[in-house]
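Summary of structural features
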Amino acid sequence: MTEQLYMTMNDGYKIPVVGLGTWKSEPGDSTYNAVLDSINAGYRHIDTARAYDNESDVGRAVNDADVPREDLFITTKLWNKDQGYETALEACEKSLARLNCNHIDLYLIHWPLKGKRNDSWKAFIELQEQGLCKSIGVSNFTIDNLKELDSKYGVLPAVNQVEFHPYHYQKDLLDYCNSKNIIIEAYSPLVHAKRMDEVRLVAISEELSRTPAQVLIRWAMQRRMVVLPKSVNKDRIIENFSVFDFEISDSIMKRLDDLDERYVTCWDPHNPPPYAPV
Ligand SMILES: NC(=O)c1ccc[n+]([C@@H]2O[C@H](COP(=O)([O-])OP(=O)(O)OC[C@H]3O[C@@H](n4cnc5c(N)ncnc54)[C@H](OP(=O)(O)O)[C@@H]3O)[C@@H](O)[C@H]2O)c1
(Lines give C-alpha, C1' and ligand atoms only; values in the text may rest on other atoms or scores of the structure.)
Protein backbone atom coordinates (compact mmCIF):
# COMPACT_ATOMS: atom_id res chain seq x y z
CA MET A 1 0.00 0.00 0.00
CA THR A 2 1.22 3.53 -0.79
CA GLU A 3 2.45 5.65 2.15
CA GLN A 4 0.91 9.06 2.71
CA LEU A 5 3.11 12.20 2.84
CA TYR A 6 2.60 15.04 5.34
CA MET A 7 3.16 18.80 5.54
CA THR A 8 3.48 20.70 8.83
CA MET A 9 1.02 23.55 9.44
CA ASN A 10 1.82 26.86 11.19
CA ASP A 11 0.30 25.49 14.45
CA GLY A 12 2.70 22.51 14.49
CA TYR A 13 0.17 19.83 13.48
CA LYS A 14 0.82 17.63 10.47
CA ILE A 15 -1.59 17.37 7.55
CA PRO A 16 -1.67 14.51 5.02
CA VAL A 17 -0.89 15.89 1.58
CA VAL A 18 -3.55 14.00 -0.40
CA GLY A 19 -7.11 13.97 0.96
CA LEU A 20 -10.35 12.53 -0.37
CA GLY A 21 -12.86 15.20 -1.47
CA THR A 22 -16.53 14.46 -0.79
CA TRP A 23 -18.50 17.32 -2.35
CA LYS A 24 -21.33 15.78 -4.41
CA SER A 25 -20.63 12.36 -2.89
CA GLU A 26 -24.20 11.24 -2.25
CA PRO A 27 -25.18 10.85 1.40
CA GLY A 28 -25.50 7.20 2.45
CA ASP A 29 -23.55 4.22 1.15
CA SER A 30 -21.91 6.10 -1.70
CA THR A 31 -19.97 8.38 0.67
CA TYR A 32 -19.52 5.62 3.27
CA ASN A 33 -17.98 3.23 0.74
CA ALA A 34 -15.79 5.91 -0.87
CA VAL A 35 -14.32 6.87 2.51
CA LEU A 36 -13.66 3.23 3.46
CA ASP A 37 -12.16 2.50 0.01
CA SER A 38 -9.90 5.53 0.36
CA ILE A 39 -8.67 4.54 3.81
CA ASN A 40 -7.98 1.02 2.55
CA ALA A 41 -6.01 2.56 -0.34
CA GLY A 42 -3.83 4.54 2.11
CA TYR A 43 -5.59 7.93 2.35
CA ARG A 44 -5.52 9.36 5.86
CA HIS A 45 -7.32 12.64 5.16
CA ILE A 46 -11.01 13.16 4.39
CA ASP A 47 -12.53 16.53 3.44
CA THR A 48 -16.22 17.02 4.16
CA ALA A 49 -18.48 19.98 5.03
CA ARG A 50 -21.80 20.71 6.71
CA ALA A 51 -23.07 21.78 3.31
CA TYR A 52 -22.29 18.40 1.68
CA ASP A 53 -24.87 16.66 3.87
CA ASN A 54 -22.62 13.63 4.31
CA GLU A 55 -20.75 14.25 7.59
CA SER A 56 -22.56 11.37 9.31
CA ASP A 57 -21.56 8.93 6.53
CA VAL A 58 -17.95 10.08 6.81
CA GLY A 59 -18.15 9.57 10.59
CA ARG A 60 -19.62 6.09 10.19
CA ALA A 61 -16.84 5.03 7.81
CA VAL A 62 -14.13 6.50 10.04
CA ASN A 63 -15.52 4.57 13.01
CA ASP A 64 -15.74 1.33 11.00
CA ALA A 65 -12.27 1.64 9.42
CA ASP A 66 -9.38 -0.58 10.48
CA VAL A 67 -7.24 2.51 11.12
CA PRO A 68 -7.25 4.23 14.54
CA ARG A 69 -9.01 7.61 14.66
CA GLU A 70 -5.78 9.34 15.75
CA ASP A 71 -4.15 8.30 12.46
CA LEU A 72 -6.93 9.92 10.42
CA PHE A 73 -7.32 13.60 9.61
CA ILE A 74 -10.90 14.87 9.25
CA THR A 75 -11.81 18.30 7.93
CA THR A 76 -15.26 19.83 8.01
CA LYS A 77 -16.53 23.34 7.33
CA LEU A 78 -18.84 25.97 8.79
CA TRP A 79 -21.66 26.70 6.39
CA ASN A 80 -22.79 30.27 5.63
CA LYS A 81 -26.13 30.12 7.44
CA ASP A 82 -24.24 29.24 10.65
CA GLN A 83 -21.67 32.03 10.39
CA GLY A 84 -21.39 34.39 13.37
CA TYR A 85 -19.98 33.92 16.89
CA GLU A 86 -22.65 31.95 18.84
CA THR A 87 -23.95 30.17 15.76
CA ALA A 88 -20.45 28.97 14.81
CA LEU A 89 -19.91 27.52 18.30
CA GLU A 90 -23.23 25.66 18.05
CA ALA A 91 -22.55 24.49 14.48
CA CYS A 92 -19.23 22.96 15.53
CA GLU A 93 -20.94 20.88 18.23
CA LYS A 94 -23.50 19.67 15.70
CA SER A 95 -20.80 18.71 13.20
CA LEU A 96 -18.94 16.81 15.94
CA ALA A 97 -22.16 14.93 16.77
CA ARG A 98 -22.78 14.04 13.11
CA LEU A 99 -19.15 12.96 12.68
CA ASN A 100 -19.46 11.02 15.95
CA CYS A 101 -16.06 12.11 17.16
CA ASN A 102 -14.69 14.30 19.94
CA HIS A 103 -12.50 16.59 17.88
CA ILE A 104 -12.22 17.92 14.34
CA ASP A 105 -8.68 17.92 12.95
CA LEU A 106 -9.31 20.97 10.78
CA TYR A 107 -12.36 23.25 10.88
CA LEU A 108 -12.75 25.75 8.04
CA ILE A 109 -14.88 28.83 7.45
CA HIS A 110 -16.36 27.70 4.14
CA TRP A 111 -16.74 31.14 2.57
CA PRO A 112 -15.62 34.71 3.50
CA LEU A 113 -19.16 35.90 4.15
CA LYS A 114 -19.38 39.67 4.44
CA GLY A 115 -20.29 40.96 7.92
CA LYS A 116 -19.95 37.51 9.51
CA ARG A 117 -16.51 36.07 8.78
CA ASN A 118 -14.69 37.94 11.58
CA ASP A 119 -17.15 36.84 14.28
CA SER A 120 -16.90 33.29 12.98
CA TRP A 121 -13.10 33.48 13.27
CA LYS A 122 -13.39 34.67 16.89
CA ALA A 123 -15.44 31.53 17.62
CA PHE A 124 -12.89 29.37 15.78
CA ILE A 125 -10.06 30.68 17.97
CA GLU A 126 -12.06 29.67 21.05
CA LEU A 127 -12.91 26.25 19.60
CA GLN A 128 -9.21 25.64 19.06
CA GLU A 129 -8.39 26.74 22.61
CA GLN A 130 -11.01 24.29 23.91
CA GLY A 131 -9.44 21.47 21.88
CA LEU A 132 -12.62 20.78 19.92
CA CYS A 133 -10.75 21.70 16.73
CA LYS A 134 -7.04 20.96 16.54
CA SER A 135 -6.42 23.27 13.61
CA ILE A 136 -8.51 26.12 12.20
CA GLY A 137 -8.52 27.56 8.73
CA VAL A 138 -10.51 29.22 6.00
CA SER A 139 -11.72 28.55 2.50
CA ASN A 140 -12.18 30.78 -0.53
CA PHE A 141 -10.42 33.68 1.23
CA THR A 142 -8.72 36.33 -0.90
CA ILE A 143 -5.43 38.00 0.08
CA ASP A 144 -7.43 40.99 1.40
CA ASN A 145 -9.64 38.70 3.51
CA LEU A 146 -6.52 37.05 5.00
CA LYS A 147 -4.94 40.43 5.77
CA GLU A 148 -8.14 41.51 7.52
CA LEU A 149 -8.12 38.44 9.82
CA ASP A 150 -4.47 38.99 10.61
CA SER A 151 -4.96 42.65 11.53
CA LYS A 152 -8.08 41.99 13.67
CA TYR A 153 -7.01 38.87 15.55
CA GLY A 154 -3.32 38.22 14.89
CA VAL A 155 -4.18 34.53 14.45
CA LEU A 156 -3.57 33.35 10.92
CA PRO A 157 -5.41 30.33 9.51
CA ALA A 158 -3.42 27.12 9.15
CA VAL A 159 -4.79 26.62 5.63
CA ASN A 160 -6.76 28.41 2.93
CA GLN A 161 -8.75 25.94 0.82
CA VAL A 162 -9.35 27.38 -2.65
CA GLU A 163 -9.93 26.27 -6.22
CA PHE A 164 -6.48 25.51 -7.62
CA HIS A 165 -5.34 23.65 -10.73
CA PRO A 166 -3.16 24.54 -13.73
CA TYR A 167 -6.15 26.10 -15.53
CA HIS A 168 -6.62 28.40 -12.52
CA TYR A 169 -3.07 28.97 -11.31
CA GLN A 170 -3.48 31.58 -8.57
CA LYS A 171 0.22 32.31 -8.21
CA ASP A 172 -0.20 35.59 -6.27
CA LEU A 173 -2.37 33.90 -3.66
CA LEU A 174 0.02 30.93 -3.41
CA ASP A 175 3.03 33.24 -3.00
CA TYR A 176 1.23 35.30 -0.35
CA CYS A 177 0.16 32.19 1.60
CA ASN A 178 3.66 30.72 1.40
CA SER A 179 5.08 33.99 2.75
CA LYS A 180 2.71 33.74 5.75
CA ASN A 181 3.15 30.00 6.28
CA ILE A 182 -0.50 29.30 5.36
CA ILE A 183 -0.90 26.07 3.41
CA ILE A 184 -3.04 26.21 0.28
CA GLU A 185 -5.38 23.25 -0.07
CA ALA A 186 -6.22 22.78 -3.75
CA TYR A 187 -9.91 22.06 -4.29
CA SER A 188 -11.34 20.92 -7.61
CA PRO A 189 -7.76 19.82 -8.42
CA LEU A 190 -9.11 17.65 -11.28
CA VAL A 191 -10.85 20.74 -12.73
CA HIS A 192 -14.11 19.04 -11.73
CA ALA A 193 -13.38 16.55 -14.57
CA LYS A 194 -13.93 19.27 -17.21
CA ARG A 195 -10.44 19.24 -18.78
CA MET A 196 -9.51 15.52 -18.75
CA ASP A 197 -9.40 15.43 -22.59
CA GLU A 198 -7.60 18.74 -23.09
CA VAL A 199 -4.87 18.10 -25.68
CA ARG A 200 -1.88 19.67 -23.86
CA LEU A 201 -2.72 17.84 -20.63
CA VAL A 202 -3.21 14.55 -22.48
CA ALA A 203 0.13 15.03 -24.28
CA ILE A 204 1.95 15.57 -20.97
CA SER A 205 0.23 12.58 -19.38
CA GLU A 206 1.37 10.40 -22.29
CA GLU A 207 4.95 11.68 -21.97
CA LEU A 208 4.92 10.79 -18.27
CA SER A 209 2.98 7.52 -18.75
CA ARG A 210 0.51 8.72 -16.11
CA THR A 211 -3.17 9.59 -16.28
CA PRO A 212 -4.30 13.23 -16.58
CA ALA A 213 -5.71 13.02 -13.05
CA GLN A 214 -2.36 11.84 -11.65
CA VAL A 215 -0.53 14.64 -13.48
CA LEU A 216 -2.91 17.28 -12.05
CA ILE A 217 -2.55 15.93 -8.50
CA ARG A 218 1.24 15.66 -8.75
CA TRP A 219 1.46 19.23 -10.12
CA ALA A 220 -0.36 20.56 -7.03
CA MET A 221 1.87 18.51 -4.69
CA GLN A 222 5.04 19.82 -6.34
CA ARG A 223 3.72 23.39 -6.03
CA ARG A 224 3.65 22.63 -2.24
CA MET A 225 -0.09 22.33 -1.81
CA VAL A 226 -2.36 19.86 -0.07
CA VAL A 227 -4.62 18.37 -2.75
CA LEU A 228 -8.20 17.06 -2.46
CA PRO A 229 -9.34 14.92 -5.42
CA LYS A 230 -12.92 13.66 -5.15
CA SER A 231 -14.13 10.32 -6.40
CA VAL A 232 -16.72 7.73 -5.41
CA ASN A 233 -15.23 5.19 -7.81
CA LYS A 234 -12.87 2.69 -6.15
CA ASP A 235 -10.50 2.39 -9.14
CA ARG A 236 -10.22 6.16 -9.46
CA ILE A 237 -9.74 6.55 -5.71
CA ILE A 238 -6.73 4.22 -6.02
CA GLU A 239 -5.51 5.92 -9.23
CA ASN A 240 -5.66 9.35 -7.59
CA PHE A 241 -3.51 8.14 -4.70
CA SER A 242 -0.83 6.56 -6.92
CA VAL A 243 1.11 9.80 -7.14
CA PHE A 244 4.01 9.33 -4.74
CA ASP A 245 6.36 7.37 -7.02
CA PHE A 246 7.08 9.82 -9.82
CA GLU A 247 8.23 13.38 -10.27
CA ILE A 248 7.36 16.00 -12.88
CA SER A 249 10.44 17.79 -14.27
CA ASP A 250 10.82 21.58 -13.98
CA SER A 251 10.25 22.05 -17.70
CA ILE A 252 6.97 20.07 -17.67
CA MET A 253 5.87 21.88 -14.47
CA LYS A 254 6.33 25.13 -16.41
CA ARG A 255 4.23 23.82 -19.31
CA LEU A 256 1.50 22.96 -16.82
CA ASP A 257 1.73 26.42 -15.20
CA ASP A 258 1.20 27.88 -18.67
CA LEU A 259 -2.22 26.21 -18.99
CA ASP A 260 -3.61 28.98 -16.77
CA GLU A 261 -6.76 30.57 -18.22
CA ARG A 262 -8.37 31.70 -14.93
CA TYR A 263 -10.91 28.93 -15.41
CA VAL A 264 -13.18 28.79 -12.36
CA THR A 265 -15.40 25.71 -12.06
CA CYS A 266 -16.83 26.51 -8.64
CA TRP A 267 -17.72 29.77 -6.85
CA ASP A 268 -15.38 32.72 -7.19
CA PRO A 269 -14.70 35.10 -4.27
CA HIS A 270 -13.48 37.71 -6.78
CA ASN A 271 -16.87 37.55 -8.50
CA PRO A 272 -19.13 36.42 -5.64
CA PRO A 273 -22.64 35.07 -6.18
CA PRO A 274 -25.43 37.36 -4.87
CA TYR A 275 -26.38 34.88 -2.13
CA ALA A 276 -22.84 34.93 -0.68
CA PRO A 277 -21.40 38.46 -0.73
CA VAL A 278 -17.72 38.87 0.20
N1 LIG B 1 -14.24 24.75 -0.01
C2 LIG B 1 -14.96 24.80 -1.11
O3 LIG B 1 -15.70 25.77 -1.39
C4 LIG B 1 -14.88 23.65 -2.07
C5 LIG B 1 -15.42 23.76 -3.36
C6 LIG B 1 -15.28 22.68 -4.22
C7 LIG B 1 -14.64 21.53 -3.80
N8 LIG B 1 -14.17 21.43 -2.52
C9 LIG B 1 -13.50 20.18 -2.02
O10 LIG B 1 -12.57 19.72 -2.99
C11 LIG B 1 -12.94 18.41 -3.43
C12 LIG B 1 -12.58 18.17 -4.87
O13 LIG B 1 -13.19 19.10 -5.74
P14 LIG B 1 -14.39 18.71 -6.72
O15 LIG B 1 -15.19 17.63 -6.13
O16 LIG B 1 -15.05 19.99 -7.08
O17 LIG B 1 -13.70 18.26 -8.06
P18 LIG B 1 -12.48 17.35 -8.57
O19 LIG B 1 -11.88 16.54 -7.49
O20 LIG B 1 -11.63 18.30 -9.33
O21 LIG B 1 -13.21 16.42 -9.63
C22 LIG B 1 -14.18 15.49 -9.25
C23 LIG B 1 -14.74 14.88 -10.52
O24 LIG B 1 -13.71 14.15 -11.21
C25 LIG B 1 -14.12 12.78 -11.39
N26 LIG B 1 -12.90 11.99 -11.22
C27 LIG B 1 -12.28 11.67 -10.07
N28 LIG B 1 -11.15 10.98 -10.31
C29 LIG B 1 -11.06 10.85 -11.65
C30 LIG B 1 -10.10 10.23 -12.49
N31 LIG B 1 -9.02 9.63 -11.99
N32 LIG B 1 -10.31 10.29 -13.84
C33 LIG B 1 -11.41 10.90 -14.34
N34 LIG B 1 -12.34 11.52 -13.59
C35 LIG B 1 -12.17 11.50 -12.23
C36 LIG B 1 -15.16 12.55 -10.31
O37 LIG B 1 -16.08 11.56 -10.70
P38 LIG B 1 -16.32 10.19 -9.83
O39 LIG B 1 -16.64 10.57 -8.42
O40 LIG B 1 -17.45 9.55 -10.55
O41 LIG B 1 -15.03 9.42 -9.95
C42 LIG B 1 -15.84 13.91 -10.26
O43 LIG B 1 -16.78 14.03 -11.32
C44 LIG B 1 -14.45 18.40 -3.16
O45 LIG B 1 -14.99 17.10 -3.22
C46 LIG B 1 -14.51 19.05 -1.81
O47 LIG B 1 -14.10 18.15 -0.81
C48 LIG B 1 -14.26 22.48 -1.66
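Because the structure is predicted, anything quoted here is derived from the model rather than measured.

**Let's talk about the site of the ligand**
The ligand sits among 30 residues. The nearest are Asp47, Leu190, His192, Ser231 and Arg236. One of the side-chain N or O atoms of Asp47 is found 2.7 Å from an oxygen atom in the ligand. A distance of 3.0 Å is found between a nitrogen atom of the ligand and a side-chain nitrogen or oxygen belonging to Gln161. Here the ligand loses 90% of its free accessible area of 900 Å² to cover by the protein chains. Broken down by element, the shell around the ligand gets its largest block of residues, three residues, from helix H9 (residues 234–241). Classifying every residue of the shell around the ligand by side-chain character gives 14 nonpolar, 11 polar and five charged.

**Observations concerning the pattern of salt bridges**
A complete count under the given rule lists 15 salt bridges for this structure. Lys77 serves as the salt-bridge partner of Asp47, at 2.6 Å between the closest nitrogen and oxygen. Of this pair, Asp47 sits in strand S4 (residues 45–47) while Lys77 sits in strand S5 (residues 73–78), placing them 30 residues apart in sequence. Of the two residues, Asp47 and Lys77, neither departs from the other in class, the shared state being buried. A salt bridge links Glu148 to Arg117; the shortest N-O distance between them is 2.7 Å. Of this pair, Glu148 sits in helix H5 (residues 143–153) while Arg117 sits in helix H4 (residues 117–129), placing them 31 residues apart in sequence. Look at the salt bridges and you will find they share partners, linking Asp29, Asp57 and Arg60 into a network.

**Considering the pairing of strand S7 (residues 133–139)**
When you tally the buried positions in S7, you get six out of seven residues, the bulk of the element. As paired elements, strand S6 (residues 104–109) and S7 share five bridges and run parallel to each other. Of the residues in S7, the one forming a bridge with Leu108 is Gly137. Viewed along the sheet, the connection from S6 through H4 into S7 turns out right-handed. By the bridge criterion, two bridges tie S7 to strand S8 (residues 159–163) in an arrangement that is parallel. Counterpart to Ser139 in the pairing with S8 is Gln161.

**What to know about the packing of aromatic side chains**
According to the stated counting rule, one finds 10 aromatic pairs in the structure shown. The interplanar angle of 35° and the centroid separation of 6.1 Å between the aromatic rings of Phe164 and Trp219 together place this pair among those described as tilted. Of this pair, Phe164 sits in the loop between S8 and helix H6 (171–179) while Trp219 sits in helix H8 (residues 212–222), placing them 55 residues apart in sequence. There is no split in this pair, since Phe164 and Trp219 are both buried. Seen from their ring centres, Tyr169 and Trp219 are 5.4 Å apart, and the 80° between their planes marks the pair as edge-to-face. With Tyr169 in the loop between S8 and H6 and Trp219 in helix H8, this residue pair connects regions lying 50 residues apart in the sequence. Like Tyr169, the residue Trp219 is buried in the burial classification. Each member of the aromatic cluster is reached from another via a ring pair, and the members are Trp79, Trp111, Trp267 and Tyr275. A cation sits over an aromatic face here: Arg195 above Tyr167, 5.6 Å from the ring centre.

**Let's talk about empty space enclosed by the protein**
The final tally for this structure, using the stated rule, is one cavity of 30 Å³ or more. In this structure, the largest cavity occupies an estimated 90 Å³ of space. Lining of the largest cavity is provided by 14 residues; of these, Val162, Glu163, His168, Gln170 and Pro269 occupy positions nearest its centre. Grouping the amino acids of the lining of the largest cavity by side-chain chemistry returns seven nonpolar, five polar and two charged.

Definitions and cut-offs
Residues numbered from 1 in each chain as written. Predicted model: local features only at pLDDT ≥ 70, side-chain atom pairs only at ≥ 80, totals over all residues. Heavy atoms only, no water. Near = heavy atom within 4 Å. Polar contact = N/O pair within 3.5 Å; in protein donor to acceptor, adjacent residues only side chain to side chain. Areas by Shrake-Rupley, 256 points an atom, 1.4 Å probe, with all protein chains shown as cover. Helix = DSSP H or I, 4+ residues; strand = E, 2+ residues; numbered from the N terminus. Nonpolar A, V, L, I, M, F, W, Y, C, P; charged D, E, K, R; others polar. Salt bridge = Lys/Arg side-chain N within 4 Å of Asp/Glu carboxyl O. Buried < 20%, exposed > 50% of the residue type's maximum accessible area, 1.4 Å probe, protein only. Pairing = 2+ DSSP bridges. Right-handed = clockwise from strand over helix to strand, strands pointing away. Phe/Tyr/Trp six-rings, centres within 6.5 Å; stacked < 30°, edge-to-face > 60°. Lys NZ or Arg CZ within 6 Å of the ring centre and 35° of its normal. 1 Å grid on protein atoms, 1.4 Å probe; cavity = no way out; pocket = protein on both sides within 12 Å on 5 of 7 lines; lining within 4 Å. Points joined across faces, edges and corners; volume = space filled by probe spheres on them.

By themselves these figures say nothing about function.
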